[in-house]
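# Observations on the model geometry
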Amino acid sequence: YYRLMMFDLDHVATYSEIISVANQPFIIYFSNDKLNVNVITKTTVANTLNVYSTDGQLIFSQQITGDVQIPFDYSGLFIVEIPELRFRQKIVCF
């Protein structure tokens, strides 16, 4: 687990929410023009996979229940989110 402690210019500390880094339910990576999603914690419940650009625009959204390879013809930095599991990860595609 981790959380960030941030200090404002007036030296007031605020804390981020606590995030678990162990037992992540997904491994998401970019390879060969595909976005690969490997599900570690198998489930029959569909989850929503959202991909956002760094300016917040929704680029892609799909329901997933298992491992998938999604053709992805974009390059740059993106944020991948699975909101039902409060999962969020940055990926670089080139």
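Preceding block: the structure.
None of the values given here were measured: they were computed from a predicted structure.

Next up on the list: the sheet that holds strand β7 (residues 68–71). One key point about sheets: their strands pair by backbone hydrogen bonds, in either a parallel or an antiparallel sense. The strand order across the open sheet formed by three strands is β3-β4-β7, and the pairing between neighbours is antiparallel. On the outer flanks of this sheet lie β3 (26–31) and β7, each paired with one strand and no other. On average, adjacent strands in this sheet sit at an angle of 20 degrees to one another, irrespective of strand direction. Both β3 and strand β4 (residues 34–39) contribute to a ladder of six bridges, which runs antiparallel. Counterpart to Tyr29 in the pairing with β4 is Asn36.

One can find Asn50 in strand β5 (residues 47–53). A relative accessible area of 7% means that Asn50 is categorised as buried. Reaching out from Asn50, the side chain makes a polar contact with the side chain of Ser61 at a distance of 2.7 Å. Those residues in contact with Asn50 that lie beyond four places of it in its chain are Leu58, Phe60, Ser61, Ile79, Val80, Glu81 and Pro83.

What follows is about the sheet that holds β5. Judged by pairing direction, the sheet is antiparallel, and its four strands sit side by side in the order β6-β5-β8-β9 without closing on themselves. A strand with exactly one partner marks an edge of an open sheet, and here the two such strands are β6 (58–64) and β9 (87–93). This sheet shows a mean twist of 20 degrees between the axes of neighbouring strands, independent of strand direction. Two elements, β5 and β6, share six bridges in a ladder whose sense is antiparallel. The partner of Val51 across the bridge, within β6, is Phe60.

Another point: the nonpolar core. Counting residues in each nonpolar core, the largest one holds 18 residues, and the members touching the most others are Phe26, Ile28, Leu35, Leu49, Val51, Phe72 and Ile91. Residue assignment for this core shows that the elements contributing at least two residues are β3, β4, β5, β6, β8 (76–82) and β9. Leu35 has contacts with Ile28, Tyr29, Phe30, Val51, Val68, Gln69, Ile70, Phe72 and Ile91, leaving out every residue within four places of it along the chain.

A separate point is the pairing of β9. Bridge analysis of β8 against β9 gives seven bridges, and the strand direction is antiparallel. Along β9, the bridge assignment pairs Ile82 with Phe87. Counting the residues in the hairpin turn of β8 and β9 gives four residues, including Arg86, whose phi is positive at 55 degrees.

Cut-offs used in this document
- Residues numbered from 1 in each chain as written.
- Predicted model: local features only at pLDDT ≥ 70, side-chain atom pairs only at ≥ 80, totals over all residues.
- Heavy atoms only, no water.
- Pairing = 2+ DSSP bridges.
- Helix = DSSP H or I, 4+ residues; strand = E, 2+ residues; numbered from the N terminus.
- Axes fitted to C-alpha atoms, helices over the stretch in contact; angles between N-to-C directions.
- Buried < 20%, exposed > 50% of the residue type's maximum accessible area, 1.4 Å probe, protein only.
- Polar contact = N/O pair within 3.5 Å; in protein donor to acceptor, adjacent residues only side chain to side chain.
- Contact = heavy atoms within 4.5 Å.
- Core = buried A, V, L, I, M, F, W, Y, C linked by side-chain atoms within 4.5 Å.

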